[in-house]
Amino acid sequence: MAVRRELLRGLGRLNATSAVLQRARLADPLGGMWEAADVQWWWRRPRATDELALPVWFDEAGPVAAAGLTAWDDTWQADVFAVPSMLDEQDVWAATLEAAAGHPGEALQVLVGGDAPLAGLAVQSGFATTDELSGTAWMEADQRPPVAQVDGFAIVDRVTRADRPHPMIARSGELVEARLRQCSLYDPALDLAVEDADGRVAGYALFWFDHATLVGLLEPMRVEDEYQRRGLARMLLTNGLDRLGRKGARRLKVGFETDAARNLYLGVGFVQTSIDRLLIRPAPHEHRRQ
């Protein structure tokens, strides 16, 4: 198989990586950590890694693998995005670390599911396993739960509330809506908020429908502290899952980091399919301080 390698940055790299993840999901319905919608969600705010030139591999059908580096608040996340059996994962991992080596002051993290081979590669590269666990869960769309409502609250979306500030601005910055609208999978009708009787935003959730894979993803969801324990998370969740089903999603996916989130998702019918673990490699200067 003839494969060529190109260096891409910005939206070009985002779109190519999205295509890789769509091909990977079609090749393996349950394998791999990420959906195309995940990397598009990460695009919601500017990052130091946006304009890094990172390698993307192409075969005759299009993008087949991509190196991933994503700047978070304290670390950079390293990822291998690849269609199974189409390119050696070790080669993509090596290219990702080579790109990260140009920024030696950054600590690196990688999230791996179960006993994926990437975990072994990370350990060999100096990453240490942490105690931070998360999980992934799936559901067939035709088994989604009934829509829940809570008296005194209403679900709205960015189609009907386009004239108001986006509810994620406080946590994701003023550019969040403009950045989301640059993403091919973003749908304002799936960008939901729950409002109280006075129109105040009590929580929000963003759902993503991938027309290529027919997978629906929830990322993120939050209920504000003063509105918790009223059933609003279930209201947001079930309304969003119903919209995904009506859009044509056949399978639904969610990730979680807390027991409360896990209990919510499994309580409406999701089935956990993996326990995911975080590995970290400190920046060199962090080693010297220890």
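Residues numbered from 1 in each chain as written. Predicted model: local features only at pLDDT ≥ 70, side-chain atom pairs only at ≥ 80, totals over all residues. Heavy atoms only, no water.

Participant: So what exactly am I meant to see when it comes to the overall build of the protein chain here?
Facilitator: Tallying secondary structure elements over the protein chain gives nine helices and twelve strands in all. By the compact-globule yardstick of 19 Å for 290 residues, the protein chain fits well, its C-alpha radius of gyration being 19 Å. Counting only C-alpha atoms, the protein chain reaches 55 × 50 × 35 Å along its principal axes. Within the protein chain, the proportion of its 290 residues that are buried is 53%. Pairs at least 24 apart in sequence give 73% of the contacts found in the protein chain among residues at least 6 apart. Total accessible area on the protein chain is roughly 13700 Å²; 49% of this is exposed by carbon and sulfur atoms. (Helix = DSSP H or I, 4+ residues; strand = E, 2+ residues; numbered from the N terminus. Rg over C-alpha atoms; globule rule 2.2 N^0.38 Å. Buried < 20%, exposed > 50% of the residue type's maximum accessible area, 1.4 Å probe, protein only. Contact = heavy atoms within 4.5 Å. Areas by Shrake-Rupley, 256 points an atom, 1.4 Å probe, with all protein chains shown as cover.)

Participant: Got a minute to help me understand the packing of helix H3 (residues 89-100) against helix H4 (residues 117-124) in this structure?
Facilitator: Pairs of packed helices are described in terms of their axes, by the angle between the two and the distance that separates them. For the pair H3 and H4, interaxial distance at closest approach is 11 Å and the crossing angle is 40°. Considering their axes alone, H3 and H4 lie oblique with respect to each other. Of the two possible hands of crossing, H3 and H4 adopt the one that is right-handed. Contacts between H3 and H4 pair Glu89, Gln90 and Trp93 from the former with Pro117, Leu118, Leu121 and Ala122 from the latter. When the residues that make up the contact of H3 with H4 are grouped by side-chain class, the tally is five nonpolar, one polar and one charged. (Axes fitted to C-alpha atoms, helices over the stretch in contact; angles between N-to-C directions. Parallel < 35°, antiparallel > 145°, perpendicular 65-115°, else oblique. Left-handed = near helix turned anticlockwise from the far one by under 90°. Nonpolar A, V, L, I, M, F, W, Y, C, P; charged D, E, K, R; others polar.)

Participant: I would appreciate a short explanation of the pattern of salt bridges in the present structure.
Facilitator: Oppositely charged side chains may form a pair once their charged atoms are brought near each other. Within the structure shown, the criterion is met by 19 salt bridges. Among the salt bridges present, the one from Arg23 reaches Asp59, with a minimum N-O distance of 3.0 Å. Placement of Arg23 in helix H1 (residues 10-27) and of Asp59 in strand E2 (residues 54-59) is noted, with a sequence separation of 36 residues between them. Judged by relative accessible area, which is 22%, Arg23 ranks as partly exposed. For Asp73, the salt bridge is made with Arg45, and the minimal N-O distance between the two is 3.2 Å. Here Asp73 is found in the loop between strand E3 (62-71) and strand E4 (76-82), whereas its partner Arg45 is found in the loop between helix H2 (36-42) and E2, with 28 residues between them in sequence. When salt bridges with common partners are traced through the structure, they connect Arg171, Arg222, Glu224 and Asp225 into a single cluster. (Salt bridge = Lys/Arg side-chain N within 4 Å of Asp/Glu carboxyl O.)

Participant: Just to check I follow, could you spell out the side chain of Thr75 for this structure?
Facilitator: Looking at the element boundaries, Thr75 is found in the loop between E3 and E4. Not counting the four nearest positions on each side in its chain, Thr75 is found in contact with Thr70, Ala107 and Gln109.

Participant: Which parts of the structure should I look at to understand the packing of aromatic side chains?
Facilitator: Any two aromatic rings considered together are summarised by their centre-to-centre distance and by the angle between their planes. Here the structure, examined in full by the defined rule, presents six aromatic pairs. Seen in terms of ring centroids, Trp42 and Trp72 are 5.9 Å apart; in terms of plane orientation they differ by 80°. Their pairing is edge-to-face. One end of the pair, Trp42, is in helix H2; the other, Trp72, is in the loop between E3 and E4, with 30 residues separating them in the sequence. Under the relative-accessibility criterion, Trp72 is labelled partly exposed at 24%. Aromatic side chains Trp93 and Phe127 sit 5.5 Å apart centroid to centroid with 55° between the ring planes, which places their arrangement in the tilted category. Highlighted residues: Trp93 in helix H3 and Phe127 in the loop between H4 and strand E6 (128-140), separated in sequence by 34 residues. Relative accessible area serves as the criterion here: at 4%, Phe127 is assigned to the buried category. The structure contains a cluster of three or more aromatic residues connected by ring pairs, namely Trp34, Trp42 and Trp72. In this structure, Arg179 packs its charged tip against the face of Trp43, placed 3.9 Å from the ring centre. Its end group placed over the ring of Trp138, Arg251 keeps NZ or CZ at 4.0 Å from the ring centre. (Phe/Tyr/Trp six-rings, centres within 6.5 Å; stacked < 30°, edge-to-face > 60°. Lys NZ or Arg CZ within 6 Å of the ring centre and 35° of its normal.)

Participant: Mind showing me how you'd approach H3 here?
Facilitator: Side chains of residues three or four places apart in an α-helix project in the same direction, reflecting 3.6 residues per turn. Across its twelve residues, H3 extends 17 Å between first and last C-alpha, which sits within 8% of the 16 Å expected from 1.5 Å per residue. When we look at burial in H3, the residues that qualify are Val92, Trp93, Ala95, Thr96, Leu97 and Ala100. The N-terminus of H3 is capped by Asp88, whose side-chain oxygen sits 2.8 Å from the backbone nitrogen of Gln90. (Expected span 1.5 Å × (residues − 1). Polar contact = N/O pair within 3.5 Å; in protein donor to acceptor, adjacent residues only side chain to side chain.)

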